[in-house]
Amino acid sequence: MSSMLKTSPWQWLTSMGAKWQLDDSPAIQKRAAMKIQGQWMEQRQLVGQWFDPRPDAGDKISLYRNDEEWFLETWSDDGCHSLDKMKATKINFDMRLEDVEANFFGEYFLLTDYGDLKLCDAQGCLVLVPMSKKRA
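Residues numbered from 1 in each chain as written. Predicted model: local features only at pLDDT ≥ 70, side-chain atom pairs only at ≥ 80, totals over all residues. Heavy atoms only, no water.

Quick look at the overall build of the protein chain now. In terms of helices and strands, the protein chain carries 3 helices and 9 strands. For the protein chain, the sequential pattern of α-helices and β-strands runs α-α-α-β-β-β-β-β-β-β-β-β. Looking at the protein chain as a whole, 29% of its 136 residues qualify as buried. Partitioning the contacts of the protein chain with sequence separation of at least 6, the portion at a separation of at least 24 is 29%. Taken as a whole, the protein chain presents about 9,800 Å² of accessible surface, with 55% of it coming from carbon and sulfur. (Helix = DSSP H or I, 4+ residues; strand = E, 2+ residues; numbered from the N terminus. Buried < 20%, exposed > 50% of the residue type's maximum accessible area, 1.4 Å probe, protein only. Contact = heavy atoms within 4.5 Å. Areas by Shrake-Rupley, 256 points an atom, 1.4 Å probe, with all protein chains shown as cover.)

Put into structure tokens, the structure is as follows:
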């Protein structure tokens, strides 16, 4: 027993047959992708920032543009963060923005010609509260 107390936890675990395993979870993959995106996102142009007023949402949403590419960054009150590339489609004078990777619920954002950002789905749209305004 005294010899076990002199070993590090790692030595003890490896003596029991434990092995390191790389975590290849989606969260780790997304974090790596965000780091790569962040390296060239310094050239991005802030289009605007909005706040989601729905109860229990509290998300701060920032919309960026880098040439013809659009990105939506979300910070939640609980510290969660996402940075998503968006597919942009011009509709009259407005811009419809949808997540490139997945859009399971049919939600999309609508950036109006006068700078409002709306969160939309099949039931309608919710106007988000502007935090600061810039033009794209």
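On we go.
Burial analysis of strand E3 (residues 69–75) places 5 of its 7 residues in the buried class, which makes it a mostly covered element. Sheet topology places strand E2 (residues 60–66) next to E3; 7 bridges connect them, and they run antiparallel. Within the sheet, the bridge partner assigned to Lys 60 lies in E3 and is Trp 75. Turn length for the E2-E3 hairpin, with the two strands adjacent in sequence and antiparallel, is 2 residues, and the turn residue Asp 67 shows positive phi of about 60 degrees. When E3 meets strand E4 (residues 81–91), the two strands line up antiparallel, connected through 6 bridges. The residue bridging Thr 74 from the neighbouring strand is Ser 82, located in E4. (Pairing = 2+ DSSP bridges.)

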